[in-house]
Amino acid sequence: MKFHILTLFPDMVEGGLHTSILGRAAADGHISLEAVNIRDFTVNKHKKVDDYPYGGGAGMLMKAQPVYDAYRYIEEKISEEGRKPPRVIYVTPQGSVFNQQMAQELAGEEDLVFLCGHYEGIDERVLETIVTDYISIGDYVLTGGELPSMVMIDAISRLVPGVLKNKESAEFESFHNNLLEYPQYTRPEIWREKPVPEVLLSGDHARVDQWRLQQSEARTRKRRPDLYEVYAREPKALSWLLKSKIDHMDMIEVIRAGQADILCGDEEGVLLKDVPSGAIMVSASDEDMGERLLSLIPRGLKDGLFVAHQEFLKDSICRRFDAGIVNACVQAAYTRKTLLEEDSRFCIRPLTISFLEEVYSHYHTVHDKEYLEGRIRSGRMYGAFVEETLAGFIGMHAECSMGMLEVFEPFRRQGIGEALERHLINRILKEGRVPFCQIFTDNEASVKLQQKLGLRIGRQTVYWVS
Ligand code: ADE
């Protein structure tokens, strides 16, 4: 991850971020930090970066030109190095409030630009030209954007692979799964007559885990009832989804992967957003429940991708969002734990980015190039090689399903597709997850392959609406 900070106070940012864990992460090459001084891009002899606001009012505004030129300097460098234009975050109390989920999402970017304002703000025209995200760190006003940028960079960096060592793991901690962390104790066993809770000395790991979960729940309910309400949606959502497990495996798996924003979890229906892909998934027991769930989605939503688990939901989504393209699928899931036997005739390994053009030229009907690039970079696309020539590929979609299976013409009918799927199923099983996929209802060959590999086929039709 490469952070670029547009600031009037580069020393403040560099000093603050080059120590401790982030300093080590930068030295190890997991992240890089570049503070660009906006003042270096002024074109007047006094290096003046601010001016009076048109229409009057208190204070000074940062001028558009130096901010824009400083940004262009960063953008050109990124482009010369062959990377895509970066997201530009303007840190401002007028933005959406930063949280762990946003940190997680931003941690997947290659470059991030932070624009730090000062004085009374920045000329709106340059913001309209370069900013992609407006983010605040809370409902209070600071004197400038440097501290908020540093807060966000710290929270994002620790989610970048390699930044935290195992013992500092980001997995089980506050906000993982919408729960606050449980209380912790270290030596001595008794301090000022206060003993460490007995269970922690018992050596019984199951009891310790159970105690910690109870403590987390009680603490969250008391201190953060808003968060607890979100946490409590998950078991309710699962109780509905597990009634028809195979048909709902897409929703179940994104919840289990911790990447679902459950907007409504009820024993009669569920509405969730898969955060990495942005797909909205919905399932309901009847039309009334369906309408209640769909009314929670903002009407102005554009470019949405919906997964509807009932026909009445599909119809309602098409009406509400003027959506047109509908793909009817069935779901298939491998619910056993046993690994499949692999076909040793082919060498199957993760694809590197050098294969992007080849993948894109064979597979661009459903997804764009940027999406495929993201999949390859996340290490979730695998190629089958015959004498070092790429013969086909398979991948895991952002929303956890298997797909993107292609075998090139000269290599078809040799079992390469099946070998690829066997390999991917095994990889997913080794991660403790359930392999699943969606099959177009008219693709009989694929249904047969899934059955041969031991996947169970769902009974309901699932509709992909875009
Ligand atoms: N700049 C000033 N106050 C801020 C805040 N609360 N969040 C982000 N940027 C800011």
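Everything in this summary refers to the structure shown in the same document. (Residues numbered from 1 in each chain as written. Predicted model: local features only at pLDDT ≥ 70, side-chain atom pairs only at ≥ 80, totals over all residues. Heavy atoms only, no water.)

So, the overall build of the protein chain
At step 1: When helices and strands are counted, the protein chain shows 16 helices and 20 strands.
At step 2: The C-alpha radius of gyration computed for the protein chain amounts to 25 Å, which stays within 12% of the reference 23 Å derived for 466 residues, consistent with globular compactness.
At step 3: For the protein chain, the spread of C-alpha atoms along the three principal axes comes to 75 × 70 × 50 Å.
At step 4: Across the 466 residues that make up the protein chain, the buried fraction comes to 48%. (Helix = DSSP H or I, 4+ residues; strand = E, 2+ residues; numbered from the N terminus. Rg over C-alpha atoms; globule rule 2.2 N^0.38 Å. Buried < 20%, exposed > 50% of the residue type's maximum accessible area, 1.4 Å probe, protein only.)

So, the packing of helix 1 (residues 10-17) against helix 6 (residues 146-157)
Two quantities define a packed helix pair, namely the angle between the helix axes and the distance between the axes.
At step 1: One way to put it is that helix 1 packs onto helix 6 with a least axis distance of 10 Å and a crossing angle of 30 degrees. The angle between helix 1 and helix 6 places the two elements in the roughly parallel class. The two elements helix 1 and helix 6 cross, and the hand of that crossing is right-handed. Taken together, the residues of helix 6 that come into contact with helix 1 (itself represented by Met-12, Val-13, Gly-16 and Leu-17) are Glu-146, Leu-147, Met-150 and Ile-153.
At step 2: Its residues placed into classes, the contact of helix 1 with helix 6 shows six nonpolar, one polar and one charged. (Axes fitted to C-alpha atoms, helices over the stretch in contact; angles between N-to-C directions. Parallel < 35°, antiparallel > 145°, perpendicular 65-115°, else oblique. Left-handed = near helix turned anticlockwise from the far one by under 90°. Contact = heavy atoms within 4.5 Å. Nonpolar A, V, L, I, M, F, W, Y, C, P; charged D, E, K, R; others polar.)

Topic: the site of the ligand
At step 1: Neighbouring the ligand are Val-91, Thr-92, Pro-93, Ile-135, Ser-136, Ile-137, Gly-138, Tyr-140, Val-141, Leu-142, Gly-144 and Pro-148.
At step 2: Take Ile-137: an N or O atom from its main chain is 2.9 Å from a nitrogen atom of the ligand.
At step 3: Between a nitrogen atom of the ligand and a main-chain N or O atom of Gly-138, the distance comes to 3.2 Å.
At step 4: Considered on its own, the ligand offers 270 Å² of accessible surface; in the complex 96% of this is hidden by protein.
At step 5: Mapped onto the shell around the ligand, the elements with two or more residues apiece are strand 5 (87-97) and strand 7 (133-136).
At step 6: The element best represented in the shell around the ligand is strand 5, accounting for three residues. (Near = heavy atom within 4 Å. Polar contact = N/O pair within 3.5 Å; in protein donor to acceptor, adjacent residues only side chain to side chain. Areas by Shrake-Rupley, 256 points an atom, 1.4 Å probe, with all protein chains shown as cover.)

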